[in-house]
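So the chains spell out like this:
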Protein chains: 2
Amino acid sequence: MLYIGIDLGGTGIKAGVVDDNGKILCKDSCPTGVERGHEAVIKDMAALALRVVEKSGHTVGDMKAIGIGLPGVLDPRTGHVPFCTNLGWHDVPIVEEMHKYIDLPVFVDNDATVAGLAESVAGVSAGAVNSVFITLGTGVGGGVILGGKVFSGSHGVASEIGHMVTVAGGEPCTCGNSGCWERYASATALIREGRRLCEAKPETALLKAVDGDPKAITAKHVIDLAKAGDPDCAALFDNYVHHLCVGLSNLVNLYDPEVIVLGGGVSHAGQFLLDAVRAKLPAMIFYKDMPYARVELAKLTNDAGIIGAAMLGR
Amino acid sequence: MLYIGIDLGGTGIKAGVVDDNGKILCKDSCPTGVERGHEAVIKDMAALALRVVEKSGHTVGDMKAIGIGLPGVLDPRTGHVPFCTNLGWHDVPIVEEMHKYIDLPVFVDNDATVAGLAESVAGVSAGAVNSVFITLGTGVGGGVILGGKVFSGSHGVASEIGHMVTVAGGEPCTCGNSGCWERYASATALIREGRRLCEAKPETALLKAVDGDPKAITAKHVIDLAKAGDPDCAALFDNYVHHLCVGLSNLVNLYDPEVIVLGGGVSHAGQFLLDAVRAKLPAMIFYKDMPYARVELAKLTNDAGIIGAAMLGR
């Protein structure tokens, strides 16, 4: 069987025809153009999907379903996307709109969930019955696979792992709470702490690396200096990894998955990040004598969105 | 079909014959006598089970399985209980020992898990596909039911919700971490904060209520004074409920269950606790416009251990 997978992001739309094993047969992309409103975006999304089907040498009739991953959630009661900050969407009837152009079952899920599903089908967590995928980006997103299937809970709001509070009373979060994990484990956290460092210690190597402009600091600046042995950035990265591991140990205590997959921008720190996490996590695990989740880096990166979205319909 | 359910605690063993609907047909109990070692305890447990079967007018042949709930976990790889502080057990081959006396399949799980299963079969969460049961006692235990079944994760260590860190760097925990939820949401937390209050403010009503002995403070003292309107205990209880809700919102974000059931000692505060939680939780929920778990009080209390243990074999 074949499936259409669509990765809908704030700047670009990617679509592909994917087989049962999560292999992309053919793919294509176009800009999102969010400013045009959801109807135009969904029309383009459908056109891109039809184009990629044609390019693959197949017909819509050969497709079993169409899956869409986006930076939001679907309300399972309505088939609408209640809100989606990156796209400026509010209460968008995405399933209904897609059906104007393509007569196939439409499945929609969060982009982190979709990436987690992709890894569990064709990536680093392939074969694992239970796995948790984490995007360490602007925020922290989660894709939870339980029993080989996407776990969305009873109301479609599960797996919001970035808004798990790990430091009650800590950094204020965009969600209204304070001390959410993503305030400590995202790329944004590394940037914030880097800026604080530059303010507190103007002679630090980090400020030199950005030519004296704290606003230019990225997570990569901090990580690269930590890798190079700069003590200030090393301490900052160490504290980042500590907070990352606090949340990971919570995920072990609650989901007890076989694999935890680290994805998103910060995961590009690669083996350096993985070694730091693997060194710090064991002491924080509750059942120290029992096996627990192995932590791995995401494998599919760029194609995860297409593959995972397609697999929603499997 | 009929099942034997055994509730093994630090002071007493309770056993019952239970039907498919979680109804106890007959029950009995005996003291645990932990000091005699695990072999004697398991022998008594088996004898009690056989006695209760006979009392019910049935035979062992009428029983489908035997389930045991205890304050620990079973290592699914070995069928052993790796450790169990309350019973002083270490690496106890419980399944093997039980088979010396009764030839029935033996299922073992954590007491909080078992109580959660009981509530989901015959209690307040009956009919819910996904539910989380929480014991607010000396510690905080959890029983997670997903898809109508006990969720134990990939290595049998899931649902250790009491050791989810909610205040990184906070109160030291017996587990070696600091800031575990149970340091803030257990009866022990109310007692600790009550003692601190008495130390900081010797004229407080709480110290009078215990005749000047802070060691005599129980969670009930604090709750009763809060109920009666004492401002010091009301503030302490309010802070307790805040931390309880931090963890509950994490459970919503991660498990998104239909029902969260509050059990254990602190839940005897009843409607007073429930009202406080229901007033505070909504502002902390991430998806404020979508439905989420309702919070309820446990219903089965004393019999939950027998019923839930029996239902392990269903």
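The numbers attached to residues start from 1 for each chain and follow its sequence in the written order. Whichever chain is written first becomes A and whichever ligand is written first becomes 1, with later ones labelled in order. In view of the model being predicted, local features appear only for residues whose pLDDT reaches at least 70, and side-chain atom pairs are presented and counted only at 80 or more, with totals across whole chains, interfaces and linings using the full set of residues. Here the side-chain values reflect all heavy atoms present in the structure, with hydrogen atoms and water set aside.

### Some remarks on the overall build of chain A
No. 1: A run of DSSP states H or I qualifies as a helix once it reaches four residues; a run of E qualifies as a strand once it reaches two. Both are numbered from the N-terminal end. Within chain A, the secondary structure is distributed over ten helices and twelve strands.
No. 2: Note on method: radius of gyration uses C-alpha positions; expected globular size equals 2.2 Å times residues raised to 0.38. A compact globule built from 314 residues would reach a C-alpha radius of gyration of about 20 Å, and chain A, at 20 Å, matches this within 12%.
No. 3: Here the C-alpha coordinates of chain A stretch approximately 60 × 50 × 35 Å along the principal axes.
No. 4: Taken over 314 residues, chain A has a buried fraction of 59%.
No. 5: Sequence-distant contacts in chain A: of pairs separated by 6 or more residues, those separated by 24 or more amount to 60%. Burial classes follow relative accessibility: with a 1.4 Å probe on protein chains only, a residue under 20% of its type's maximum area counts as buried, one over 50% as exposed, and anything between as partly exposed. What makes two residues a contact is simply this: any of their non-hydrogen atoms within 4.5 Å.

### Let's talk about the interface of chain B and chain A
No. 1: The interface is formed by 47 residues belonging to chain B together with 47 residues belonging to chain A.
No. 2: Defined in terms of a 1.4 Å probe, buried area is the accessible area two parts forfeit on being brought together, summed over both. Contact between chain B and chain A buries roughly 4100 Å² in total, counting both sides, with carbon and sulfur atoms accounting for 61%.
No. 3: One speaks of a salt bridge when a side-chain nitrogen belonging to Lys or Arg is within 4 Å of a carboxyl oxygen belonging to Asp or Glu. At the boundary of chain B and chain A, one finds zero salt bridges.
No. 4: Polar contact is the term for a pair of N or O atoms within 3.5 Å; when the atoms are in protein, one must be able to donate a hydrogen and the other to accept it, and sequence-neighboring residues count only if both atoms are side-chain atoms. Taken together, chain B and chain A are joined by 28 residue pairs in polar contact (both at pLDDT 80 or more).
No. 5: Secondary structure elements with two or more residues in the side of chain B that touches chain A: strand 5 (81-84) and helix 8 (231-255) of chain B.
No. 6: Following the grouping adopted for this structure description, the nonpolar residues are Ala, Val, Leu, Ile, Met, Phe, Trp, Tyr, Cys and Pro, the charged ones are Asp, Glu, Lys and Arg, and the polar ones are all others, Gly among them. The class makeup of the residues in the side of chain B that touches chain A is 27 nonpolar, 13 polar and seven charged.

### Quick look at the environment of B:G57
No. 1: Among the structural elements, B:G57 can be located in the loop between helix 1 (38-55) and strand 4 (63-70).
No. 2: Taking the C-alpha atoms as reference points, B:G57 and B:L25, separated by 32 residues in sequence, lie 9.8 Å from one another.

### Thoughts on the side chain of B:S56
No. 1: Among the secondary structure elements, B:S56 is positioned in the loop between helix 1 and strand 4.
No. 2: Setting aside anything within four residues of it in sequence, one finds B:S56 in contact with B:V17 and B:C26.

### Some remarks on the packing of helix 8 of chain B against helix 9 (residues 271-280) of chain B
All names here are of chain B.
No. 1: Only the stretch in contact is used when a helix axis is fitted, and all axes are lines through C-alpha atoms; the angle between N-to-C directions ranges over 0 to 180 degrees. Direction vectors running N to C along helix 8 and helix 9 enclose 60°, while the axes themselves pass 9 Å from each other. By the angle between their directions, the pair helix 8 and helix 9 is classed as oblique. Taken as a pair, helix 8 and helix 9 cross one another with a handedness that is right-handed. Residues F237, D238, Y240, V241, H242, L244, C245 and L248 of helix 8 lie in contact with helix 9, whose contacting residues are F272, L273, A276, V277 and K280.
No. 2: Of the residues that constitute the contact of helix 8 with helix 9, the class distribution is ten nonpolar, one polar and two charged. Oblique is the label for any angle not under 35 degrees, not over 145, and not in the 65 to 115 range, which are roughly parallel, roughly antiparallel and roughly perpendicular in turn. Here is the rule for handedness: rotate from the far helix to the near one, and if that takes an anticlockwise turn smaller than a right angle the crossing is left-handed, while a clockwise turn gives right-handed.

### Quick word on the sheet that holds strand 1 (residues 2-8) of chain A
Residues and elements named next belong to chain A.
No. 1: The strand order 3-2-1-4-7 describes an open sheet built from five strands, whose pairing is mixed. For this open sheet the edge positions go to strand 3 (24-31) and strand 7 (106-110), each flanked by a neighbour on one side alone. Strand-to-strand twist in this sheet, taken as the mean axis angle between neighbours without regard to direction, amounts to 20°.
No. 2: Pairing geometry for strand 1 and strand 2 (residues 12-19), over seven bridges, is antiparallel. Considered in strand 2, the bridge of I4 is made with V17.
No. 3: Contacting strand 1, strand 2, strand 3 and strand 4 (63-70), helix 1 (residues 38-55) crosses the sheet at an angle of about 150° to strand 3. What makes two strands pair is DSSP finding at least two bridges between them.

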